[in-house]
Amino acid sequence: MFDDAPPHGWRVRHVAHYVPGMTVIDAPTSQMSADERRVAELVDDLLTSFPPATTDPTVFLGEQFDRGLAWVQFPEGHGGLGLTPKLQKQINERVYAAGAPNPMYRNPIGHGMTGPTVAVWGTEEQKSRYLRPLFTGEEIWCQLFSEPGSGSDFAGLSSTGVKDGDEWIVNGQKVWTTLAHLSRWGLLVVRTDPQAVKHAGLTAFVVDMQAPTVEIRPLRQMTGEAEFNEVFFSDTRIPAEEMLGGPGDGWRVSLTTLMNERVSIGGTIPTKGSGTISALTAAWKSVPEDRKDPALLDEVMKLWARAEVLRLTNIRANQNRKMGDPGPEGSIGKMASADLNKDVLDLAVTLLGPEGMLYGDYTMKRPRFSSDTDSVQKAFLRSRANSIEGGTSEVMYNILGERVLGLPGDVRVDRDVPWSQVPRN
Ligand SMILES: Cc1cc2nc3c(=O)[nH]c(=O)nc-3n(C[C@H](O)[C@H](O)[C@H](O)COP(=O)(O)OP(=O)(O)OC[C@H]3O[C@@H](n4cnc5c(N)ncnc54)[C@H](O)[C@@H]3O)c2cc1C
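Residues numbered from 1 in each chain as written. Predicted model: local features only at pLDDT ≥ 70, side-chain atom pairs only at ≥ 80, totals over all residues. Heavy atoms only, no water.

Topic: the site of the ligand
- Surrounding the ligand, one finds 19 residues, the nearest of these being Ser152, Trp176, Thr178, Thr392 and Glu394.
- Contact between the ligand and Gln143: a nitrogen atom at 2.7 Å from a main-chain N or O atom of the residue.
- The side chain of Asn398 places a nitrogen or oxygen atom 3.1 Å from a nitrogen atom of the ligand.
- Relative to its unbound accessible area of 970 Å², the ligand is 69% covered by the protein chains.
- When grouped by side-chain class, the residues that make up the shell around the ligand number five nonpolar, nine polar and five charged. (Near = heavy atom within 4 Å. Polar contact = N/O pair within 3.5 Å; in protein donor to acceptor, adjacent residues only side chain to side chain. Areas by Shrake-Rupley, 256 points an atom, 1.4 Å probe, with all protein chains shown as cover. Nonpolar A, V, L, I, M, F, W, Y, C, P; charged D, E, K, R; others polar.)

Considering the packing of aromatic side chains
- For the structure shown, the criterion picks out ten aromatic pairs.
- Both rings, one in Phe65 and one in Phe135, keep their centres 6.3 Å apart while their planes meet at 45°; by these two values the pair is tilted. Placement of the pair is Phe65 in helix α2 (residues 57-66) and Phe135 in helix α6 (residues 124-136), with a sequence separation of 70 residues. Pair check on accessibility: Phe65 and Phe135 agree, each one buried.
- Both rings, one in Trp168 and one in Phe205, keep their centres 5.7 Å apart while their planes meet at 55°; by these two values the pair is tilted. Here Phe205 lies in strand β5 (residues 202-208) and Trp168 lies in strand β3 (residues 167-175), a separation of 37 residues in the sequence.
- Grouped by ring-pair contacts, the aromatic residues Phe65, Trp71, Phe74 and Phe135 constitute a single cluster.
- Over the aromatic face of Phe232 sits the side chain of Arg217, whose NZ or CZ is 4.2 Å from the ring centroid. (Phe/Tyr/Trp six-rings, centres within 6.5 Å; stacked < 30°, edge-to-face > 60°. Helix = DSSP H or I, 4+ residues; strand = E, 2+ residues; numbered from the N terminus. Buried < 20%, exposed > 50% of the residue type's maximum accessible area, 1.4 Å probe, protein only. Lys NZ or Arg CZ within 6 Å of the ring centre and 35° of its normal.)

Side note on the nonpolar core
- Ranked by size, the top nonpolar core spans 40 residues in total, and within it Val39, Trp71, Val95 and Leu244 carry the most contacts.
- Mapped onto this core, the elements with two or more residues apiece are α1 (34-49), α2, α3 (86-97), α5 (108-121), α6, β4 (185-191), β5 and α7 (250-266).
- Core analysis: the next-biggest nonpolar cluster, separate from the first, contains 21 residues, Ile277, Val300, Leu310 and Val344 among them. (Core = buried A, V, L, I, M, F, W, Y, C linked by side-chain atoms within 4.5 Å.)

Structural notes on the side chain of Gln126
- Looking at where Gln126 falls in the secondary structure, it is placed in helix α6.
- In this structure Gln126 comes out as buried when scored by relative accessible area, which is 3%.
- Excluding residues that lie within four positions of it along the chain, Gln126 makes contacts with Val118, Trp121, Leu131, Val206, Glu241, Glu242, Met243 and Leu244. (Contact = heavy atoms within 4.5 Å.)

Description of the pattern of salt bridges
- Across all of its chains, the model carries 25 salt bridges by this definition.
- When the shortest N-O distance is used, the salt bridge between Glu76 and Arg38 registers 3.3 Å. With Glu76 in the loop between α2 and α3 and Arg38 in helix α1, the pair connects residues that are 38 residues apart, well separated along the chain.
- Overall, Glu76 belongs to the exposed group, its relative accessible area being 53%. (Salt bridge = Lys/Arg side-chain N within 4 Å of Asp/Glu carboxyl O.)

Okay, here's the thing in structure tokens:
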């Protein structure tokens, strides 16, 4: 079912951990700390017992999970060893260098966002049930937050959950749900207390995406593809034990998801000159010598410098995170990478000349990867979404303005009013 290679050679977004060409850390040595050594020995055992070249990818990932090498910071028995997340880099570098499958390609929303949310908010039963098949890619996940009337203002959402004995009955519509058409499970947030202020009346659930009361309709994008969907819930019954956190915890649960989403989207640290900027340098090299003028080169170099500044900012952010200060860098990386991707691909298409206008056949496809891109032209079209998905750039400016620069806050007239009394269309 899955192709574990990146969808194409030069550009993969939404992948937080794997960077082609990164340095490989050696096998166990005497200079390592006890934790590093433990991890290195487990990786050795994994790679020796299940060589990636000859092991079915699902089996390999299951073995990686069982050894606690999936998300090393998660508790033992749930894909981790309860160690610092720093050690995941050591694991990833070694397993990817050995040709191991990347769980992020198989299940991007699950691996980057809903898995970490289940780990923080799930019960023991939920963690045991969901995390392993999520990591192996046997069960794909989607994130059901946005609604037609609530995207940036996601806390104002209107889908409802009403308690009925040991179940909750859900009604409403979600939108832009990436990969819902492939998903086994969804992380759903609905309003369970309309009398509470908007952030306080939300509750999160794990929902069965294959239930007959869940209807999934494709939404077609400017690339011609439909990677996302509208999802309709009509009296969908969810068992009470599928709640994540308690009633009213939905906002806090979703903050865990959104923090992971921003880092997952914007926090990738490519090697120098790799990532999206490599599309531009490749396009520049393909320009015939008689069309290479200094003004164009100047534009290429400005973008190259911006890409390098973002790369260094993400390295600094990573180091701050390791020292326990998550800070605002998730929003900086998310915002800066959106603008940069768009500008880089804009110029790359320009450099291609008339060829830059040629693009496929617009046949509607249902991609398996949320960021499938197989040409510069397609990447250019897809990059328009970068400043919308995972929170718009304007919302990121607000976060940075208010929380970092201490500027006066956005006007929020509905914050202290019961949701049921907030005027809406
Ligand atoms: C490719 C893609 C994939 C997505 N996948 C998912 C998914 O899997 N699950 C999911 O739940 N959602 C998903 N989304 C939805 C995404 O989170 C929303 O589109 C986004 O949060 C913006 O919401 P909106 O589209 O309703 O726009 P709106 O919130 O209506 O915003 C419209 C415009 O107003 C601006 N604006 C809004 N509020 C403010 C403010 N306070 N200050 C300044 N400007 C403001 C916005 O920046 C924007 O320009 C996806 C979106 C895209 C594009």
